[in-house]
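Report on the structure
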Amino acid sequence: MTTRVVYYSWKGHTEKVATALAKLLDAELVRIEPVRDCGVAGKAMKAFFGMKSPIKTTKTDLTGIDTLVIASPVWAGKVPAYVNTYLDSVTGGSGKPFHVLVEMGGRGDQSAITVVRKALEQKGMTFVSSVSTIEKDVDSGSFTGTLEKFSTGIRKQ
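This write-up is about the structure you can find in this document.

Rules behind the numbers
- Residues numbered from 1 in each chain as written.
- Predicted model: local features only at pLDDT ≥ 70, side-chain atom pairs only at ≥ 80, totals over all residues.
- Heavy atoms only, no water.
- Helix = DSSP H or I, 4+ residues; strand = E, 2+ residues; numbered from the N terminus.
- Buried < 20%, exposed > 50% of the residue type's maximum accessible area, 1.4 Å probe, protein only.
- Pairing = 2+ DSSP bridges.
- Right-handed = clockwise from strand over helix to strand, strands pointing away.

1. Considerations on unusual backbone geometry
- Notably, Asp-26 is not glycine yet its phi reads approximately 50°, a positive angle.
- Considering the arrangement of structural elements, one finds Asp-26 in the loop between helix H1 (13–25) and strand E2 (28–31).
- Non-glycine residue Ala-76 carries a positive phi angle of around 50°.
- Among the structural elements, Ala-76 can be located in the loop between strand E3 (67–73) and helix H3 (81–89).
- Among the residues examined, Ala-76 registers a relative accessible area of 45% and is labelled partly exposed.

2. So, the pairing of strand E5 (residues 126–134)
- Where strand E4 (residues 97–104) lies against E5, eight bridges are found, and the strand directions are parallel. The residue of E5 that forms the bridge with Val-100 is Ser-130.
- At this point the chain moves from E4, through helix H4 (residues 109–121), to the parallel E5, and the crossover so formed is right-handed.

Take a look at the structure:
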């Protein structure tokens, strides 16, 4: 099974979690990078309103990929505009399973997961599972048990 873990990270928390998950799954790791970054208020506003922001060219074609995992921070109860742009650009995913990992300071995970689900289900993909990690657990390293359980579920599909 070929798995791709795609992530956006601002402060490094989501990157740390996505990298650890990709290692557990022996998956390809792809970073979403903005063309140019904006300030915190602009990022939060764009996330809250479900807007998009330009990203650098990255791997959006899922041809040859069996399973997709999207890893995103939670901003204002949603996903960042850069993640919205990536989701809108995904091709070749119809009929393929996907999983969602969100990393947050404390709350908003379910609404962020719903944003990703809707975007990829509209492209004919099938939602399988999701998991949330908390920033303080990422800082302390105590998120690994959560990731191991999540990765086991992904491998069993």
